[in-house]
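# Reading the structure
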Amino acid sequence: MAAIYQAVYRRASSLFCRLHSTYVRKMRYLNELKEDDSLCRQAQTSGTFYLFHNFSPFLQKVGKKYLVPQLSAAEMKRILEKFKEAEQWTEKSVLIGCSDEHVPHFALDLGWDDSSSIALAKSVIEPELKGSFTDIRKALFVVDEKDSPLLASAQSLLRWHDSHQYCSKTGQPTQKNVAGSKRVCHASGITYYPQMFPVVITLVSDGSRCLLVRQPSFPPGMYTALSGFCDVGENVEETARREVAEEVGLEVESLRYSASQHWPFPSSCLMIACHALVRAQQAEISMNSLELEEARWFGLEEIVEGLKREPRSSKQDDGSFLPWLPPKQAIAHQLICEWVKQQTS
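Residues numbered from 1 in each chain as written. Predicted model: local features only at pLDDT ≥ 70, side-chain atom pairs only at ≥ 80, totals over all residues. Heavy atoms only, no water.

## Focus on the overall build of the chain
Basically, it comes down to this: Each helix is a run of H or I in the DSSP string that is no shorter than four residues. Each strand is a run of E no shorter than two, and both are numbered from the N terminus. Using a 1.4 Å probe on the protein chains alone, a residue whose accessible area is under 20% of its type maximum counts as buried, one over 50% counts as exposed, and one in between counts as partly exposed. Throughout, a residue-residue contact means that at least one pair of heavy atoms, one from each residue, lies within 4.5 Å. The accessible surface values rely on the Shrake-Rupley method and a 1.4 Å probe; as for residues, cover is taken only from the protein chains in view. Two residue types count as positive, namely Lys and Arg, and two as negative, namely Asp and Glu; His and chain ends fall outside the count. Charge coordinates come from a single atom per side chain, which is NZ of Lys, CZ of Arg, CG of Asp or CD of Glu.
The helix and strand inventory of the chain stands at 11 helices and 16 strands. In terms of principal-axis extent, the alpha carbons of the chain reach across some 70 × 45 × 45 Å. Taking all 345 residues of the chain together, 45% fall into the buried category. Excluding contacts between residues fewer than 6 apart, the proportion of contacts in the chain whose partners are at least 24 apart in sequence is 62%. Carbon and sulfur atoms provide 52% of the accessible area of the chain, an area that totals close to 18900 Å². Of the side chains in the chain, 39 bear a positive and 42 a negative charge, and the two mean positions are spaced by 7 Å.

Structure representation (structure tokens):
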């Protein structure tokens, strides 16, 4: 009876989706793959795979460009069969999306080492695939813009599975569903879902200047907007006001939401970008040196120059660095560009 119900549901769902947009059909299909293990397992045989090794994505350099190859299921099988563990490895993949034509995309980390398999050596895989596994901090900024979000979300999901192999209540192993959209502890019945941590990133302005900061861990010369994790019970506005007060000693007068972005550092974060205005008459910075290395006001001309400047060209003859700003893949870059546009309009 259950099988008949499933068949009827899928047929009705298919008819319903045909009446909707490409986006709606795509989201419905992805949801079915997440909820139906057998359907997702079947999709693995016709999908494409993005490879990682210890959370570093596989890239191929062609000329000056870095490409993110998608391996077909047949290519994956051919490669993994050389190591006699094709089926075991495919089971470790996670669903990360699909094309408009409903070709599913999976991510697979070949550096995964657990009781059921042994990590495959990079030195063996890279020559076979004619590419290299590249640190995610570099990869996100050298690949095409359309590939960066996919790599970020794939790496974050793989990392979440790696850190949630055991139940926090019972200590027993958890088991992922085929799509990797959840893990279940069968001893306690607890279901774990991948999480993101909310972070508010705030570009503070006094009307004619914007405030940028540096932390000791930043590359030399790089400045960005203030940011901080939401405390339990806080809303976005409260977080922004608290962070500005804590880190630079200023009181926010008004706040405006801009956009949001998933960001994989330091862990999987939801960056919530805002513009904050402080009074020009009360704009003296009182920096928290435990959090920041430097905080200062920048005028429009200096910001425009900083947006043009590349990290390599910021070093001066005396060893100091001219300010440069986050790359366009980061939401801080968008905030700064919005501020420039507002100042020049």
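There is more to say after this.
## Thoughts on the environment of Pro323
Assignment of secondary structure puts Pro323 in the loop between helix H10 (300–308) and helix H11 (331–344). Given a relative accessible area of 13%, Pro323 falls into the buried group. Counting along the chain gives 172 residues from Pro323 to Leu151, while the straight-line C-alpha distance between them is 28 Å. Residues in contact with Pro323, not counting those within four places in the same chain, are Gly221, Tyr223, Arg296, Phe298, Glu302, Gly306 and Arg309.

## Thoughts on the packing of aromatic side chains
Applied cut-off: Note on aromatic contacts: the rings of Phe and Tyr and the six-membered ring of Trp form a pair at centre separations within 6.5 Å, being stacked when their planes are under 30 degrees apart, edge-to-face when over 60 apart, and tilted otherwise. As a reminder, the over-ring test applies to NZ of lysine and CZ of arginine, requiring each to be within 6 Å of the ring centre and within 35 degrees of the ring normal.
Taken as a whole and assessed by the stated rule, the structure comprises 5 aromatic pairs. With a centroid separation of 6.1 Å and 50° between ring planes, the pair formed by Phe141 and Trp263 is classed as tilted. In this pair, Phe141 is assigned in helix H7 (residues 136–142) and Trp263 in strand E14 (residues 254–263), connecting sequence segments 122 residues apart. Given the relative accessible area of 31%, Phe141 is considered partly exposed. Judged by its relative accessible area of 17%, Trp263 is buried. These aromatic residues form a ring-pair network of at least three members: Phe141, Trp263 and Phe265. A cation over an aromatic ring shows up here: Arg137 above the ring of Phe265, its NZ or CZ 4.1 Å from the ring centre. One cation-aromatic arrangement involves Arg296 over Phe298; the distance from NZ or CZ to the ring centre is 3.9 Å.

## Considering helix H8 (residues 148–163)
Put simply, the test is: The span one expects for a helix is its residue count, reduced by one, times 1.5 Å.
The end-to-end C-alpha separation of H8 is 23 Å, in line with the 22 Å expected for 16 residues at 1.5 Å each. If you check which residues of H8 are buried, you get Ser148, Leu150, Leu151, Ala152, Ala154, Gln155, Ser156, Leu157, Leu158, Trp160 and His161.

## Topic: the UniProt feature "domain: Nudix hydrolase" (unreviewed entry) in the chain
Heads up, the condition is: UniProt positions are given in the numbering used here, feature names are shortened, and annotations may be inferred rather than shown by experiment.
The positions UniProt marks with the feature "domain: Nudix hydrolase" (unreviewed entry) are residues 194–326. The straight-line gap between the two end C-alpha atoms of residues 194–326 is 27 Å; of that span, 17% is helix and 32% is strand.

## Examining the sheet that holds strand E10 (residues 191–192)
Put simply, the rule reads: Should DSSP find at least two bridges between two strands, the strands are taken to pair.
Strand order in the open sheet formed by 3 strands is E8-E9-E10, and the pairing between neighbours is antiparallel. Whereas interior strands pair on both sides, the edge strands pair on one side only; in this sheet they are strand E8 (175–176) and E10. Bridge count between strand E9 (residues 183–184) and E10: 2 bridges; the pairing is antiparallel. Bridge pairing links Val184 to Thr191 in E10.

## Focus: the pattern of salt bridges
Test applied: By convention in these notes, a salt bridge is any Lys or Arg side-chain nitrogen within 4 Å of a carboxyl oxygen on Asp or Glu.
The final tally for this structure, using the stated rule, is 15 salt bridges. A salt bridge links Asp231 to Arg242; the nearest nitrogen and oxygen atoms lie 3.5 Å apart. Separated by 11 residues along the polypeptide, Asp231 in the loop between strand E13 (226–229) and helix H9 (236–248) and Arg242 in helix H9 bring together distant segments of the chain. One salt bridge connects Glu305 with Lys308, and the closest N-O pair in it is separated by 3.9 Å. In this pair, Glu305 and Lys308 both sit in helix H10, 3 residues apart, roughly one turn of the helix. What makes Glu305 partly exposed here is its relative accessible area of 37%.

## Focus: the state of the cysteines
For clarity, the cut-off: Count a disulfide wherever a pair of cysteine sulfur atoms falls within 2.5 Å.
The tally for this structure, following the rule as stated, stands at 0 disulfides. Counting only cysteine sulfurs, Cys274 is the nearest neighbor of Cys230, a cysteine outside any disulfide, at a range of 9.3 Å.

## Describing the environment of Phe55
With respect to the secondary-structure elements, Phe55 resides in the loop between strand E1 (48–53) and strand E2 (56–62). On the basis of relative accessible area, Phe55 is assigned to the buried category, the value being 14%. Once the C-alpha coordinates of Phe55 and Leu158 are considered, the two residues, 103 residues apart in sequence, prove to be 7.1 Å apart.

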